[in-house]
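The primary structure of each chain is shown beneath.
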Amino acid sequence: MRVFLGSLAGDTSPVRTFTPLLGAELVLAPGARVDLDVDPAFEHGVLVDTGPVTLAGTELARAELGYVGVGVDR
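For clarity, every value in this text was computed on a predicted model and none was experimentally measured.

Rules of the game
- Residues numbered from 1 in each chain as written.
- Predicted model: local features only at pLDDT ≥ 70, side-chain atom pairs only at ≥ 80, totals over all residues.
- Heavy atoms only, no water.
- Helix = DSSP H or I, 4+ residues; strand = E, 2+ residues; numbered from the N terminus.
- Polar contact = N/O pair within 3.5 Å; in protein donor to acceptor, adjacent residues only side chain to side chain.
- Contact = heavy atoms within 4.5 Å.
- Patch = residues over 30% accessible without salt bridge, like charges linked within 9 Å, V, L, I, M, F, W, Y side chains within 5 Å.
- Areas by Shrake-Rupley, 256 points an atom, 1.4 Å probe, with all protein chains shown as cover.
- Salt bridge = Lys/Arg side-chain N within 4 Å of Asp/Glu carboxyl O.
- Buried < 20%, exposed > 50% of the residue type's maximum accessible area, 1.4 Å probe, protein only.
- 1 Å grid on protein atoms, 1.4 Å probe; cavity = no way out; pocket = protein on both sides within 12 Å on 5 of 7 lines; lining within 4 Å.
- Points joined across faces, edges and corners; volume = space filled by probe spheres on them.

## Points about the side chain of His-44
- Mapping His-44 onto the fold places it in strand E5 (residues 44–47).
- A polar atom in the side chain of His-44 sits 3.3 Å from the backbone oxygen of Phe-42.
- With residues up to four places along the chain from it excluded, the contact list for His-44 reads Val-38, Asp-39, Gly-66, Tyr-67 and Val-68.

Shown next, in the form of structure tokens:
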């Protein structure tokens, strides 16, 4: 994982922001599973570079953007 904006899973980017943005790259092995604690006050998106990836029960293909609304903490 590489955090380039904000903080995630104990890693914090050195880039200064003026809003609570989060940006991270996760590179996973095929078949891997990851659950991340996220702030439930925010919306979250996952952009798939290579896939497929399953997000919250929905399969996403390459170049698709998955969305998770407020109220979700993982």
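More follows now that the structure is in view.
## Digging into a nonpolar patch on the surface
- Taken together, the side chains of Met-1, Leu-26, Leu-28 and Val-34 present a nonpolar region at the surface, about 330 Å² in accessible area.
- When you line up the elements, Met-1 lands in the segment before strand E1 (2–5).
- Given the relative accessible area of 46%, Met-1 is considered partly exposed.

## Overview of the layout of surface pockets
- Of the volumes computed, that of the largest pocket is approximately 1700 Å³.
- Those elements that provide at least two residues to the lining of the largest pocket are strand E2 (7–8), strand E4 (23–25), E5 and strand E6 (53–55).
- Here the lining of the largest pocket takes 4 residues from E5, the largest share from any one element.

## Focus on the environment of Pro-52
- Take Pro-52: it is sitting in the loop between E5 and E6.
- Owing to a relative accessible area of 57%, Pro-52 belongs among the exposed residues under this scheme.
- The sequence separation of Pro-52 and Arg-62 amounts to 10 residues, and the corresponding C-alpha distance is 6.4 Å.
- Those residues in contact with Pro-52 that lie beyond four places of it in its chain are Glu-59 and Leu-60.

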